[in-house]
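Structural overview
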Amino acid sequence: TLFRPAMQLNLSPIGFIESCFKEKFGIPRQPGLVTAARARLKLIAPYDREEAVRGLDGFSHIWLIFGFHGTAEQGWKPTVRPPRLGGNKRLGVFATRSTFRPNPLGLSVVRLSAVDTTAGVVLSLSGADLLDGTPVYDIKPYLPYADILPDASGGFAPDEPDQSMPIHFSDLALQQLAQARSAYPDLQVLIEQMLRYDPRPAYFGASERDKPFGVRLYEFDVKWRIEAGGALVLAVERV
Ligand code: SAM
């Protein structure tokens, strides 16, 4: 008989993410794709102590185990339609990185740019694929000797996704970016990197695909639409 210990874990967050991504739409589908995506992980008591992160600053990257708090209440499905396959082919949930999982846990490797322990513990991160407010349950250092796998094969997603979409900015958007530059020096790069992967949902009707879209980044509403095969950023408005 199969031995099934009643291993129920009671997880509680050790901290929360403050991210440039204020809504799900536009968030890259994996970490590392949008290197200008900045986030901070603020630890909470009783974990927000210097000893708990001692030695972490020697690592360039960390793994985060986090909760898909934005979609968790929608439950899970045994099959999902990965955007990488055009949204029209179903694969098993465990063959994908879908957010709709039996245990709504995410796993992301992100760049660790600073560890600040002057008031609590704040980790500065980049390359994140995380929604603002994401609860984090664990941090583990990225270990190159064990985590780099040069002989790995990538199933239905063998290579990095296409990022060939040309990005253009309207005069208005360029003006608005110039005004925001002192507070947000890499906002334009962030918008370019984010749009290059074409965040539009794969299963949109053809007529809907070219309507204007809005994405919230920091406190800006970024309006854009598809035009002549590329993305045109129409405006970057402070909300
Ligand atoms: N790298 C993680 C993993 O593999 O577990 C996440 C991959 S998942 C495909 C990435 C998507 O999750 C993002 O594009 C965003 O839409 C969504 N997402 C990020 N943070 C989330 C959160 N806290 N709640 C719900 N969805 C979230």
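Nothing here was measured: the structure is a model prediction, and the numbers come from that model.

What follows is about the overall build of the protein. Of regular secondary structure, the protein possesses 3 helices and 12 strands. Taken over C-alpha atoms, the radius of gyration comes to 19 Å for the protein, in line with the 18 Å a tight globule of 239 residues would show. Principal-axis analysis of the C-alpha atoms gives the protein an extent of 60 × 50 × 35 Å. Counting over 239 residues, the protein shows a buried share of 25%. Of the contacts made within the protein by residues no fewer than 6 positions apart, 72% connect residues no fewer than 24 positions apart.

The subject of this paragraph is the nonpolar core. Ranked by internal contacts, the top residues of the largest apolar core, which has 40 residues, are Ala39, Leu190, Ile191, Leu217, Val222 and Val233. Here this core gets 5 residues from one element, more than from any other, and that element is helix α3 (residues 187–196). Each of two domains, domain 1 (15–147) and domain 2 (167–238), supplies a minimum of three residues to this core.

Take the site of the ligand next. Close to the ligand lie 19 residues; Gly70, Arg97, Gly106, Leu131 and Thr134 are nearest. Here the shell around the ligand is composed, by residue class, of 7 nonpolar, 8 polar and 4 charged.

Parsing the protein into structural domains produces domain 1 (15–147) and domain 2 (167–238). The gap between the C-alpha centroids of domain 1 and domain 2 is 23 Å. A class-by-class count of the residues in the side of domain 1 that touches domain 2 yields 9 nonpolar, 5 polar and 3 charged.

If you walk across this open sheet you meet the 4 strands as β9-β12-β11-β10, and the pairing is mixed. Because the sheet does not close on itself, it has two edges, and the strands there are β9 (167–169) and β10 (213–217). Mean inter-strand twist for the sheet, computed between neighbouring axes without regard to direction, equals 30 degrees. Alignment of strand β11 (residues 220–227) against strand β12 (residues 230–238), held across 8 bridges, turns out to be antiparallel. Residue pairing in the sheet places Asp221 in a bridge with Glu237 of β12. The strands touched by helix α2 (residues 171–180) within the sheet are β9 and β12, with β12 carrying the most contacts at an inclination of about 50 degrees.

Right, let's talk about the sheet that holds strand β2 (residues 38–43) for a bit. One closed barrel holds the 6 strands; their spatial order is β1-β2-β7-β6-β3-β8, and the pairing between them is antiparallel. Strand after strand, the sheet turns through a mean of 45 degrees between neighbouring axes, direction not considered. Where strand β1 (residues 15–19) meets β2, 5 bridges bridge the pair, whose relative direction is antiparallel. Paired with Gly15 across the strands is Leu43, a residue of β2.

Let's shift gears to α3. The element α3 is extensively covered by neighbouring structure, given that 8 of its 10 residues are classed as buried. When we look at burial in α3, the residues that qualify are Leu187, Gln188, Leu190, Ile191, Glu192, Met194, Leu195 and Arg196. Contacts made by the buried residues of α3 are with β9, α2, β10, β11 and β12. With its phi angle positive at about 55 degrees, Asp198 sits one or two positions after the end of α3.

Moving on, we get to the pairing of β10. Relative to β11, β10 runs antiparallel, the two sharing 5 bridges. Looking across to β11, one finds that Arg216 is bridged to Asp221. Hairpin connection, β10 to β11: the antiparallel pair is bridged by 2 residues, and Tyr218 has positive phi, about 50 degrees.

Conventions we followed
Residues numbered from 1 in each chain as written. Predicted model: local features only at pLDDT ≥ 70, side-chain atom pairs only at ≥ 80, totals over all residues. Helix = DSSP H or I, 4+ residues; strand = E, 2+ residues; numbered from the N terminus. Rg over C-alpha atoms; globule rule 2.2 N^0.38 Å. Buried ≥ 20, exposed ≤ 12 C-beta atoms within 10 Å, placed from the backbone. Contact = placed C-beta atoms within 7 Å. Core = buried A, V, L, I, M, F, W, Y, C linked by C-beta atoms within 7 Å. Domains from an automatic or database assignment. Near = placed C-beta within 6 Å. Nonpolar A, V, L, I, M, F, W, Y, C, P; charged D, E, K, R; others polar. Pairing = 2+ DSSP bridges. Axes fitted to C-alpha atoms, helices over the stretch in contact; angles between N-to-C directions.

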